[in-house]
Amino acid sequence: RKGRTSRGDSRVELNLSARVRSPMQTSAVVSPRGRPARLLETRACCPPPTARRARDRGFGSAIKSVVDFVHGSPAAKKPALQQQRRQQQQQQQQQHDSNHTKAVFVGSVTVLCVTAHLASVSATWLPLGALWCAVAAPLFVARAVAYTRLRWQCFLFDFCYVGNATVAVLLACCHRGGGTTTCLQVAFAVANGPLLWSIVIWNNQLVLHEWDKMTSVALHFLPAMVMYSARWTVAAPADVGSITVVEWLVWPLVVHMIWQILYLLATEVLLKRFIAERNLMTAVKWLSRVSPHPIYVFLMGKGLPDRPVPILVSVQLAFTVLTLAPVPLMFAHRWLHAAVVGAIFLRCAWAGACFYVKKLQLN
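Caption draft 1: Molecular detail of the packing of aromatic side chains. Counted under the stated rule, the structure contains eleven aromatic pairs. Taking the centre distance of 6.1 Å and the plane angle of 85° together, the rings of Phe-155 and Trp-286 count as edge-to-face. Within this pair, whereas Phe-155 is found in the loop between helix H6 (126–149) and helix H7 (159–176), its partner Trp-286 is found in helix H12 (residues 283–290), the two being separated by 131 residues in sequence. Centroid distance Phe-355 to Tyr-356: 5.8 Å. Interplanar angle 75°. Geometry classified as edge-to-face. The exposure class assigned to Tyr-356 is partly exposed, which follows from its relative accessible area of 28%. The rings of Tyr-147, Trp-152, Phe-155 and Trp-286 are connected pair by pair, giving a single aromatic cluster. Just above the ring of Trp-232 sits the side chain of Arg-231; from NZ or CZ to the centre is 4.1 Å. One Lys or Arg, Arg-231, reaches over the ring of Phe-331 and ends 4.4 Å from the middle of that ring.

Caption draft 2: Structural detail: the layout of surface pockets. Roughly 1300 Å³ of volume is contained in the largest pocket. If you trace the largest pocket, you find 43 residues lining it, with Asp-158, Trp-202, Trp-286, Leu-287 and His-293 closest to the centre. At the level of secondary structure, the elements contributing two or more residues to the lining of the largest pocket comprise H6, H7, helix H8 (181–201), helix H9 (211–232), helix H10 (245–270), H12, helix H13 (294–301) and helix H14 (308–324). A per-element tally of the lining of the largest pocket places H14 first, with nine residues. Its residues assigned to classes, the lining of the largest pocket comprises 27 nonpolar, twelve polar and four charged.

Caption draft 3: Main features of the nonpolar core. Counting residues in hydrophobic clusters, the biggest one holds 62 residues, and the most contacted among them are Leu-128, Trp-132, Val-167, Leu-171, Leu-196, Phe-221 and Met-227. Apart from residues no more than four positions distant in its own chain, Leu-196 is found in contact with Ala-191, His-220, Phe-221, Ala-224, Val-340, Val-341 and Ile-344.

Caption draft 4: Expanded view of the pattern of salt bridges. Under the criterion given, the structure shown has four salt bridges. One salt bridge connects Arg-273 with Glu-277, and the closest N-O pair in it is separated by 3.0 Å. Linking Arg-273 with Glu-277, this pair stays in helix H11 (residues 272–278), spanning four residues, or about one helical turn. Pair check on accessibility: Arg-273 and Glu-277 agree, each one exposed. Close ionic contact of Arg-289 with Asp-306 constitutes a salt bridge, the shortest N to O distance being 3.4 Å. Placement of the pair is Arg-289 in helix H12 and Asp-306 in the loop between H13 and H14, with a sequence separation of 17 residues. The class of Asp-306 is partly exposed, set by a relative accessible area of 43%. A network of salt bridges, in which partner residues are shared, links Arg-273, Glu-277 and Arg-278.

Caption draft 5: Spatial organisation of empty space enclosed by the protein. Summed over the entire model, instances satisfying the criterion amount to one cavity of 30 Å³ or more. Phe-159, Ala-189, Val-190, Pro-194, Pro-252, Thr-320 and Leu-324 together form the lining of the largest cavity. Elements supplying a minimum of two residues to the lining of the largest cavity: H8 and H14. By residue class, the composition of the lining of the largest cavity is six nonpolar, one polar and no charged.

Caption draft 6: Structural context of the packing of H6 against H7. Axis separation between H6 and H7 bottoms out at 12 Å; the angle between their running directions is 150°. The angle between H6 and H7 falls in the class roughly antiparallel. As for how H6 packs across H7, the hand of that crossing is left-handed. In this structure, H6 uses Leu-126, Trp-132, Phe-140, Arg-143 and Tyr-147 to contact H7, whose residues at the interface are Tyr-161, Asn-164, Val-167, Ala-168, Leu-171 and His-175. Partitioned by chemical class, the residues of the contact of H6 with H7 number eight nonpolar, two polar and one charged.

Caption draft 7: A look at H9. Between its first and last C-alpha atoms H9 spans 30 Å; for 22 residues at 1.5 Å apiece the expected length is 32 Å, and the two agree. At Phe-221, H9 is deflected by roughly 30°, the largest bend along its length, and proline Pro-223 occurs up to four residues later in sequence. By the criterion of burial, H9 is predominantly enclosed, with 19 of the 22 residues buried.

Caption draft 8: Seen up close, the packing of H8 against H9. Look at H8 against H9: their axes get within 8 Å of each other, and the N-to-C directions meet at 145°. The handedness of the crossing between H8 and H9 is left-handed. Contact residues: Leu-184, Ala-187, Phe-188, Ala-191, Asn-192, Leu-195, Leu-196, Ser-198 and Ile-199 in H8; Leu-219, His-220, Phe-221, Pro-223, Ala-224, Met-227, Ala-230 and Arg-231 in H9. For the contact of H8 with H9, a count of residues per class yields 13 nonpolar, three polar and one charged.

Caption draft 9: Quick peek at the environment of Val-321. Among the structural elements, Val-321 can be located in helix H14. Since its relative accessible area comes to 35%, Val-321 is described here as partly exposed. When the C-alpha positions of Val-321 and Pro-194 are compared, they lie 8.4 Å apart, and in sequence the two are 127 residues distant.

Thresholds applied
- Residues numbered from 1 in each chain as written.
- Predicted model: local features only at pLDDT ≥ 70, side-chain atom pairs only at ≥ 80, totals over all residues.
- Heavy atoms only, no water.
- Phe/Tyr/Trp six-rings, centres within 6.5 Å; stacked < 30°, edge-to-face > 60°.
- Helix = DSSP H or I, 4+ residues; strand = E, 2+ residues; numbered from the N terminus.
- Buried < 20%, exposed > 50% of the residue type's maximum accessible area, 1.4 Å probe, protein only.
- Lys NZ or Arg CZ within 6 Å of the ring centre and 35° of its normal.
- 1 Å grid on protein atoms, 1.4 Å probe; cavity = no way out; pocket = protein on both sides within 12 Å on 5 of 7 lines; lining within 4 Å.
- Points joined across faces, edges and corners; volume = space filled by probe spheres on them.
- Nonpolar A, V, L, I, M, F, W, Y, C, P; charged D, E, K, R; others polar.
- Core = buried A, V, L, I, M, F, W, Y, C linked by side-chain atoms within 4.5 Å.
- Contact = heavy atoms within 4.5 Å.
- Salt bridge = Lys/Arg side-chain N within 4 Å of Asp/Glu carboxyl O.
- Axes fitted to C-alpha atoms, helices over the stretch in contact; angles between N-to-C directions.
- Parallel < 35°, antiparallel > 145°, perpendicular 65-115°, else oblique.
- Left-handed = near helix turned anticlockwise from the far one by under 90°.
- Expected span 1.5 Å × (residues − 1).
- Bend = angle between axes of the 7 residues up to and from the residue.

Here it is as structure tokens:
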């Protein structure tokens, strides 16, 4: 009959056969009336199509995950690729840091050798002064960028930067002004007083591979070397043998007091709210809270009230006066000047040696 039926009858037959294949409808057609229990039993045995599809999809995804893991699909390799990429980035960063450290070490040794050579053979202070400016300017810019990232930009207001600028301006005036001695004497006092002795008070270390430590050493030590060359070279003025109290004490104290007033006005008045909102580090906070200086700890142990700003101002003023006291003798005697500069440099080198020995012991 199926061969003799028309095209429409074939469609009906196919629809009926597809309809009968469903278990739910088969039980409904085959089961007689009055037998709902068999219908319920058939429903319980055969889950609905949605549940079957969900079950098949779950089995399929599980099998696919196993196959992907065995054969190494991109989804299975993604965590491993991410870890490999992180390791490569860490290796590249370590290589970059290693090259940077090597470059800083070579540059530090080169600057030390050139400084010693120019100080011993040059007939004028200009070559050594040019070296000082060429080294100090980029180091100051690099430190400004680094300290801004660390929220330490208030440290750029310290006296060492003002002292370097003061010595540079006074030497320029001395050179352009036909050899006036007052500018030379004041610059000598500032460079060989508070700037040079800051190496001791701040425990600067001659660590040749760390640019931050070498920046501190350069900013404190190179002005003294320049002034040594300006004072004792052949081209130095002949009438600078005597220095009065005005040049070695009064004018340097005037420079110090102007800086101190401007510093307190900026950090304690004008920028106080800005510093508090951005949690910027200042010298007062660092020396009294974060890393208390031994002098501050000693004064606190003596029962002084905990007022960091007056204590810091008083200690800096006393330090400036004490370091300016030997300046007249250093200005009059070359051997004493050389001995003081050499002793402070050896102190700096000793601190660097302690740093290296401690690091080697830790490793």
